[in-house]
Amino acid sequence: MKRYWRLIAVILLVVLTIGTFYIQSAIAANGLQDITVEKVSGNEDEMEPVTISGSYMLGNAMDESVQVDVEGTTYGSEQSFFKRFRNGFFHERILQLQQAHRNFMRGKGGSISSYMETADTLAYANVINQTMPGRGEIKFDIAVLDKKNDETTSFTVPVPNRAMYAQVQVQDVQMTDDELHVMTRNYPRDGGEEAHLYRFDIPDQDITGDDTMISGDIQESERTYFNMVTDSDETASHDDVIFKKTTRTSGLDDDQNSGAEQPAQDVTNNYIIYDPETEETRSLELPESLVDQDILDRDNTTLYFGSQQQIVQYDLETEQITSEIEVPTSYEETEKLGSITRIKNDKAYMLTRNQQAPRRLLVLDLTSGNTLFEGKIKLDEPVGQDASLHFYELSVE
Amino acid sequence: MNRFLKLVNFELNRFMNIYLVLIALTVIVQAAGVIVTANAYMDKANQAINEEMLSAAQFIEQYGAMSFLDFARGLWFTGPIAVCAAALLFYIFMIWYRDWLGKNTFIYRLLMLPTARLNVYLAKATSIVLMVLGLVSVQLIILPLENSVLKWMVPADFRTDMTVGQIVKWDYLSILVPQSFTEFILYYGAGFMAVSVLFTAILFERSFKWKGIFLGIGYAAISAIIMLSPLLATAFMDHYYLYPLETFGLEVGLGLILTALTLWMGHYLLTKKITV
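Residues numbered from 1 in each chain as written. Chains lettered and ligands numbered in written order. Predicted model: local features only at pLDDT ≥ 70, side-chain atom pairs only at ≥ 80, totals over all residues.

Residue and element names in this part refer to chain A. Looking at chain A, the domain boundaries give domain 1 (33-87 + 300-396) and domain 2 (92-233 + 237-256 + 266-295). For domain 1 and domain 2, the distance between their C-alpha centroids amounts to 28 Å. Of the residues lining the interface, 14 residues belong to domain 1; the matching set on domain 2 comes to 11 residues. For the side of domain 1 that touches domain 2, the secondary-structure elements that each account for two or more residues are β18 (302-306), β19 (310-315) and β21 (339-344). Considering every element that reaches the side of domain 1 that touches domain 2, the biggest residue donor is β18, with 4 residues. Partitioning the side of domain 1 that touches domain 2 into residue classes produces 7 nonpolar, 5 polar and 2 charged. (Domains from an automatic or database assignment. Contact = placed C-beta atoms within 7 Å. Helix = DSSP H or I, 4+ residues; strand = E, 2+ residues; numbered from the N terminus. Nonpolar A, V, L, I, M, F, W, Y, C, P; charged D, E, K, R; others polar.)

Quick look at the sheet that holds strand β17 (residues 294-298) of chain A now. Residue and element names in this part refer to chain A. Ordered in space as β17-β18-β19-β20, the 4 strands form an open sheet in which the pairing is antiparallel. Bordering the open sheet on either side are β17 and β20 (320-326), each of which pairs with just one other strand. When the angles between neighbouring strand axes are averaged without regard to direction, this sheet yields 25 degrees. In the sheet, β19 pairs with β20 via 6 bridges, with the strands oriented antiparallel. Pairing of Val 312 across the sheet is with Glu 324, part of β20. (Pairing = 2+ DSSP bridges. Axes fitted to C-alpha atoms, helices over the stretch in contact; angles between N-to-C directions.)

This brings us to the interface of chain A and chain B. Counting residues at the interface gives 33 residues for chain A and 37 residues for chain B. Taken together, the residues that form the side of chain A that touches chain B break down as 18 nonpolar, 10 polar and 5 charged.

This part covers the nonpolar core. Core analysis: the largest hydrophobic core is formed by 53 residues, its most contacted members being B:Phe68, B:Ile128, B:Met131, B:Val132 and B:Phe199. Among the secondary structure elements, those contributing two or more residues to this core are α1 (5-27) of chain A together with α1 (2-50), α3 (68-72), α4 (75-100), α6 (117-153), α9 (181-236) and α10 (244-273) of chain B. Ranked by the residues each element gives to this core, the list is headed by α6(B), at 12 residues. Mapping this core onto the domain boundaries places at least three of its residues in each of domain 1 (1-170) and domain 2 (178-276) of chain B. If near-sequence neighbours (up to four positions away) are discounted, B:Phe68 is found in contact with B:Asn147, B:Leu150, B:Met162 and B:Ile167. Within the second largest apolar cluster, 33 residues are counted, among which are A:Tyr115, A:Leu122, A:Ala125 and A:Phe200. (Core = buried A, V, L, I, M, F, W, Y, C linked by C-beta atoms within 7 Å. Buried ≥ 20, exposed ≤ 12 C-beta atoms within 10 Å, placed from the backbone.)

What follows covers the domain arrangement of chain B. When the parts of a complex come together, some accessible area is lost, and that lost area is often used as the size of the interface. All names here are of chain B. According to the domain assignment, chain B contains domain 1 (1-170) and domain 2 (178-276). Distance from the C-alpha centre of domain 1 to the C-alpha centre of domain 2: 27 Å. Residue assignment for the side of domain 1 that touches domain 2 shows that the elements contributing at least two residues are α4, α5 (106-112) and α6. Broken down by element, the side of domain 1 that touches domain 2 gets its largest block of residues, 8 residues, from α6.

Bringing the UniProt feature "transmembrane region" (unreviewed entry) in chain B into the picture now. Residue and element names in this part refer to chain B. Mapped onto this numbering, the UniProt entry gives "transmembrane region" (unreviewed entry) at residues 20-42, 75-97, 118-143, 185-204, 213-236 and 248-270. Here residues 20-42 runs as 100% helix and 0% strand, with 33 Å between its end C-alpha atoms. Secondary structure content for residues 248-270 is 100% helix and 0% strand, and the end C-alpha separation is 33 Å. (UniProt positions renumbered as here; feature names shortened; annotations may be inferred.)

Residues and elements named next belong to chain A. One non-glycine residue, Asp 150, lies in positive phi territory at about 55 degrees. Mapped onto the elements, Asp 150 comes out in the loop between β7 (139-146) and β8 (151-158). Located in the positive-phi region is Asp 177, a residue other than glycine, with phi close to 45 degrees. Turning to its location among the elements, Asp 177 is positioned in the loop between β9 (165-176) and β10 (179-188). Judged by local crowding, Asp 177 falls into the exposed class, with 6 C-beta atoms found within 10 Å.

All names here are of chain A. Ordered by their spatial adjacency, 4 strands build an open sheet running β5-β6-β7-β8, and the pairing between neighbours is antiparallel. Looking along the sheet, the strands with just one partner apiece sit at the ends: β5 (115-117) and β8. On average, adjacent strands in this sheet sit at an angle of 10 degrees to one another, irrespective of strand direction. Where β5 meets strand β6 (residues 121-128), 3 bridges bridge the pair, whose relative direction is antiparallel. What sits directly across from Glu 117, in β6, is Leu 122.

Below, the discussion takes up the packing of α4(B) against α6(B). Residue and element names in this part refer to chain B. Put simply, α4 and α6 touch, their axes get as near as 11 Å, and they point 170 degrees apart. Taken together, the axis directions place α4 and α6 in an arrangement best described as roughly antiparallel. Touching Cys 84, Leu 88, Ile 92 and Ile 95 of α4 are Lys 124, Ile 128, Met 131, Val 132 and Leu 135, all from α6. Its residues assigned to classes, the contact of α4 with α6 comprises 8 nonpolar, no polar and 1 charged. (Parallel < 35°, antiparallel > 145°, perpendicular 65-115°, else oblique.)

This brings us to the environment of A:Leu7. Here A:Leu7 lies in helix α1. Remark: the alpha-carbon pair of A:Leu7 and A:Thr268, spanning 261 residues in sequence, is separated by 77 Å. Those residues in contact with A:Leu7, other than ones at most four positions away along the chain, are B:Leu5, B:Val8, B:Asn9 and B:Leu12.

So, about α1(A). With 23 residues, α1(A) extends 32 Å from end C-alpha to end C-alpha; this agrees with the ideal 33 Å at 1.5 Å per step. Along α1(A), the positions that sit buried rather than exposed are A:Leu7, A:Val10, A:Val14 and A:Phe21. Residues of α1(A) that are buried in the fold lie against α1 and α6 of chain B. (Expected span 1.5 Å × (residues − 1).)

Across chain B, pLDDT averages 91, with 99% of residues at or above 70. Taken together, the chains of this predicted complex give a pTM of 0.84 and an interface ipTM of 0.87. (pLDDT = per-residue confidence, 0-100.)

Attention now goes to the packing of α1(B) against α4(B). All names here are of chain B. Packing of α1 against α4 leaves a shortest axis separation of 8 Å and a crossing angle of 165 degrees. Regarding the angle of α1 to α4, the classification is roughly antiparallel. Seen from above, α1 lies across α4 with right-handed handedness. Where α1 abuts α4, its residues Glu 11, Phe 15, Leu 22, Leu 25, Thr 26, Val 29, Gln 30, Ala 32, Gly 33, Val 36 and Thr 37 lie against Trp 76, Phe 77, Gly 79, Pro 80, Val 83, Cys 84, Ala 87, Tyr 91 and Ile 95. In terms of residue class, the contact of α1 with α4 is made up of 14 nonpolar, 5 polar and 1 charged. (Left-handed = near helix turned anticlockwise from the far one by under 90°.)

Written out as structure tokens, the structure is:
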């Protein structure tokens, strides 16, 4: 025994120290805050479908992901290794799709905008081979699952005029009968941006159309940008495509004297609507008061505009404002970070993000305008000097 | 088993002096480092408060509060860890080559021992792993002590406190001390595999001399390609069909097979091909 003392000493040192460390970190409190939504008024059941995601930073080194829902607070490090490994690579919604359609989802990547789900169809479109240079031609990777008979159609097609584009990003996928529509944002090699709609015939497994819906332009005195107005539920189905087009006119190139005195700029916004069926583009004639407001969300029939004071619903069919709802004054205006609003099932879920003031969560009924629930984000103790808690996502089941 | 333990103990003995020096170096340099870093911060704070007339709160706003990571990022902390890592990496080679060096080649006696030659191989690998874990343990023991010294030297207003659990999540420390025990087993299992691949590469060189160098490098390269093959597949195939947990299972499987193959190859070289 005595002859082995060195071996015994090293083994004891290792087993005791490392053992104690892992046992202790398994049972001891991890020093992370418990975050809860404290009820101010209304019905707590309205919190049920809400999940708030964010990150908790300590110093500038530690960054913990955190999720708050009705059950309480979950930190990233509290999850088991296997759970983190399984979930870490994908968007929450894609994970749900993977669980529901394990075979179909196999080998499919992309962001959540590559998917569309309805009661009987799950469609996927992505542009592959463009992240690694020299991988060969960029092409569309298309797959459609017919949920009723569990049949999958999948094929790949080269992107038309692919040599022209530096990059092609899928922004949305829609489907009508047997035709799949893939909305993309293309970046031509010679600059600018274009929004395309590619049509695919699913039974024939072929591409049938390529329409340019809108294009952006940068000139010396005028810049035009466009952004697709997206639904916060990115897998939802829509009949038409809506763009917000912004034109900036200025005397000087403002990149060169940013920070310094800005030349007077004229910013004009307008909304463009594209109907895939008629292949027609037209301007949306919005009331003056709405044009410069932020769009909060959209669904198939309605655009939701909002400010800190009110939420306005605009019907796309009749092109009329259908309702204006006042936001309670307790939901105060916050600084630049603004707030996050999600609209689901005729309810608006709003979260302020100002780190200084106590953050508030609000659930509004969009038909009656009543406040269904109002809550205050509550921490065990105030966030310390070097720490920060930042929320970046509000999701509603 | 008894023979094996004897060999491990023997290998530990042979490196014990240098090993103790490494431990002492770590403890002394890091202890000095905490004191120097904390003093430097407090000097700066005092200077700013007395000469530039800043209040304590203004100073913290400008320069940030002191946390353990300010020390952990510095050379005082990382230096000894790097020296220990380099020393053990070097010793992975020396644990074999020292037996061939010198007047009376010691390997001759080692291989003549009345025990399976694989035991010699395994004892060397085990002692390397034990020594690595030993150094990690020493670091885990002195971390809370250093943390206390910091708290003792810097007033509470000027610092952000971190627990040891939070400190080890930082950067490379999270590789040395993984977050969960599962990851601990995985990381150090991979470490053991890497050590055994290097050992077998060394034995290739010892068996075939010049030609063996290329065989050894080739063996290590093939091992790396095998382990990276799922990653290469994602880069070179249109579709990568496996889910993350399946890839994980595949990697664990590949790792176990490769380790077994490497040990068998080491055993084969030691018994059949080695030249003294």
